[in-house]
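So the chains spell out like this:
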Amino acid sequence: MADAITVQHLVVRRGRRTILHNFSVALPKGKVTAIIGPNGCGKSTFLKAVNCMIPAASGSIRLGQREVHDFSRKALSREMAFLTQTHDVPPDVTVRDLVGMGRFPYRRLWSGRSREDRDAVDRAIQAVGLEAYAGEVMQHLSGGEQQRAWLAVLLAQDAPILLLDEPTTYLDVHHQLRILDLLRRINEGWQKTIVVVLHDMNQAWQYADEVVIMKDGALVCTGPPQAVLTPERLWDVFSVRTDIVTTSDGRSAIVVLQ
Amino acid sequence: MNREGCYRTRWRWLMLAVFVLLALGGCLLSVMQGVAAITPADVLQILWQPSARTADQIIWNIRLPRTLTGALVGANLALSGAILQAVMRNPLADPHIIGISAGAGLAGIVVLIVWPAYLFWMTPVAFIGAMAAAAVIYLLAWKDGIVPVRIILAGVAVSAFLGAIISGILIFYSDRVHGALLWMVGGLAASSWKDVTAIAPYTVIGLALSAVGAYYLNLLQLGDDMARSLGLSVEGARLGLSAVAALLAASAVSVAGLLGFVGLIVPHIVRLLVGSDYRYIIPGSAIFGVATVTLSDTAARLILAPAELPVGIIMAFIGAPFFLFLLRKEV
């Protein structure tokens, strides 16, 4: 399988602190890759560096064969869509208008909204199941619905790669799983490469094809969840005791023990 | 589009229509009222068929240029404020409060007093002054991103500093400064057709550029990271839009002096009525800015008639409490 994003020897500094030390990883195309690691280990910084939102001190980040720094901002946003951990939105923007902003990378200075834009917006809203709320303003939506609206913005952007920084953090468990189910469907139905920072290792276990474990700005390991999320390694990285259990319907899950 | 969306759009257009009516009413009142009151019918007749009566002289030579200057100054200041509020992500941004007007004012007054022969270059020089002030404010306020309160504080400091230099020049060249006091508070009393032609091109250019910029301003409201990942080069957009705001403020300062608070009050009221979409805020602010300044200037002429107040005093009376109200509510 080809890699969508190849990162080699990436170093990122912020002020005097080095956040990422000589970080190398390959993120496979068409898969859901979960990035996990303790707070402050550089997960968000990594996503932002990949999307050229913060400069890299050294190293290379390639999309396919091409360096991300060689793309113009607009061209890059046609390749990669990114959902930040927190986002502002004026309370009175409708879902449709917000999703329409996802079409910005395709906009020319004087052109209005094309038929193609409208179709892309409709498809995106439909994919996240918000058709009934398209004309609703954001402040009337619940947290889960707002997050789905943001996912629709990313879909309208029509980029093959989606980067998401903790998209489930502010949601209750039910809505967390709905967002992850939706990501899975988007991955399969729209053939998107998805890279998502998650806090819950059990969610990474259940939903991800690949897991990247980070600690202190360095890569610990990468591979399929069953291979890398072992109790020993989770102890090393998070300092918590865990066990892999089999549920009554024959599936497995990670439980965190005291 | 569903029913609610349709209703919202209709409401916004209705509000824009109300602004247009207010602006037309403001212009008409401003032409009619003054030491010599002229009836609306006479005004329309005089505008339609000029003759050589006294009333014609008053309207064509005094009132009309003053009204038009006020209208264009109002539109420019309101647009400048609307843009700055989005670019600086700060509800209190206004060219006067954050010191951009003071930068334009200092540059303008240097031309006016020290090199009066180059009066033609007044607005371009004021523009450079405004941009320089904006750059200084950004530099002072920038520390891991922009924090609203820091911009205001930096602006107050820059404004005070530039204001002191302006006062110094005025005192030093006191013999040359006729009506400089009026200029310091912002006034339209001496407006002539020359002022109208000096500011009109900038209103047209500024309005066109802000209309193009409306979409960028909407994206900036999503926060820098999100705007960037949607493909906007945030720094470039910020620089370009700040330049447009500075140009608009500089052209207004060049003809009306340091008229404050228009750029603060107008975009806020417009936002309250039409919502946060800049595709409506931009035209709404321009039109409502016309209404605000023409009506305030009319009031300034009537309150103490036959004496008249500079319009800047009226704006400060309305604007300062409004600013304090916003300060409590939003920061």
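Everything numeric in this text was worked out from a predicted model, so none of it was measured.

## Quick notes on the nonpolar core
Soluble globular proteins tend to bury their nonpolar side chains together. In terms of nonpolar packing, the biggest core is built from 180 residues, with Ala152 of chain A together with Ala130 and Ala249 of chain B touching the most fellow members. Setting aside chain neighbours within four positions, we find Ala152 of chain A in contact with Val99, Ala124, Ile125, Ala127, Val128 and Leu130 of chain A.

## Some thoughts on the packing of helix H5 (residues 143–156) of chain A against helix H6 (residues 173–189) of chain A
All names here are of chain A. Axis separation between H5 and H6 bottoms out at 10 Å; the angle between their running directions is 20°. By the angle between their directions, the pair H5 and H6 is classed as roughly parallel. Seen along the crossing, H5 lies across H6 with a hand that is right-handed. Listed contacts from H6 to Gly143, Gly144, Gln147, Arg148, Leu151 and Leu155 of H5 are His175, Arg178, Ile179, Leu182 and Ile186. Each residue belonging to the contact of H5 with H6 can be placed in one class, and the counts come to five nonpolar, four polar and two charged.

## A look at the confidence of the model for chain B
Residue and element names in this part refer to chain B. Looking at chain B as a whole, its pLDDT mean stands at 85, while 94% of the residues score no less than 70. The element-level mean pLDDT for chain B is lowest in helix H7 (residues 180–185), coming to 69, with helix H12 (residues 278–302) highest at 93. Scoring the predicted complex yields pTM 0.88 and, for the interface, ipTM 0.88.

## Digging into the confidence of the model for chain A
Per-residue confidence for chain A gives a mean pLDDT of 90; residues scoring 70 or more make up 98%. Mean pLDDT across the secondary structure elements of chain A bottoms out at strand S12 (residues 252–257) of chain A, with 88, and peaks at strand S8 (residues 193–197) of chain A, with 95.

## Let's talk about the environment of Ala200 of chain B
Structurally, the position occupied by Ala200 of chain B is in helix H8 (residues 193–220). Residue classification places Ala200 of chain B among the partly exposed positions, given that 15 C-beta atoms sit within 10 Å.

## Overview of the sheet that holds strand S7 (residues 161–165) of chain A
Residues and elements named next belong to chain A. The strand order across the open sheet built from six strands is S6-S7-S8-S3-S9-S10, with neighbouring strands paired in mixed fashion. This sheet does not close on itself; its edge strands, each paired only once, are strand S6 (80–83) and strand S10 (218–223). When the angles between neighbouring strand axes are averaged without regard to direction, this sheet yields 15°. The pairing of strand S3 (residues 32–36) with strand S9 (residues 210–215) spans four bridges and is classified as parallel. When the bridges of S9 are listed, Ala34 appears paired with Val211.

## A few points about the packing of helix H3 (residues 54–87) of chain B against helix H10 (residues 234–256) of chain B
Packed helices, taken two at a time, are described by the angle their axes make and the gap between the axes. Residue and element names in this part refer to chain B. Between H3 and H10, the shortest axis-to-axis distance is 8 Å and the interhelical angle comes to 150°. The angle between the axes of H3 and H10 places the two elements in the roughly antiparallel class. Here H3 and H10 pass one another in a crossing that is left-handed. Across the interface between the two elements, Thr69, Val73, Asn76, Leu77, Leu79, Ser80, Ile83, Leu84 and Val87 of H3 pack against Arg238, Leu241, Ser242, Val244, Ala245, Leu248, Ala249, Ser251, Ala252, Val255 and Ala256 of H10. Class assignment for the residues of the contact of H3 with H10 results in 14 nonpolar, five polar and one charged.

Conventions and cut-offs
Residues numbered from 1 in each chain as written. Chains lettered and ligands numbered in written order. Predicted model: local features only at pLDDT ≥ 70, side-chain atom pairs only at ≥ 80, totals over all residues. Core = buried A, V, L, I, M, F, W, Y, C linked by C-beta atoms within 7 Å. Buried ≥ 20, exposed ≤ 12 C-beta atoms within 10 Å, placed from the backbone. Contact = placed C-beta atoms within 7 Å. Axes fitted to C-alpha atoms, helices over the stretch in contact; angles between N-to-C directions. Helix = DSSP H or I, 4+ residues; strand = E, 2+ residues; numbered from the N terminus. Parallel < 35°, antiparallel > 145°, perpendicular 65-115°, else oblique. Left-handed = near helix turned anticlockwise from the far one by under 90°. Nonpolar A, V, L, I, M, F, W, Y, C, P; charged D, E, K, R; others polar. pLDDT = per-residue confidence, 0-100. Pairing = 2+ DSSP bridges.

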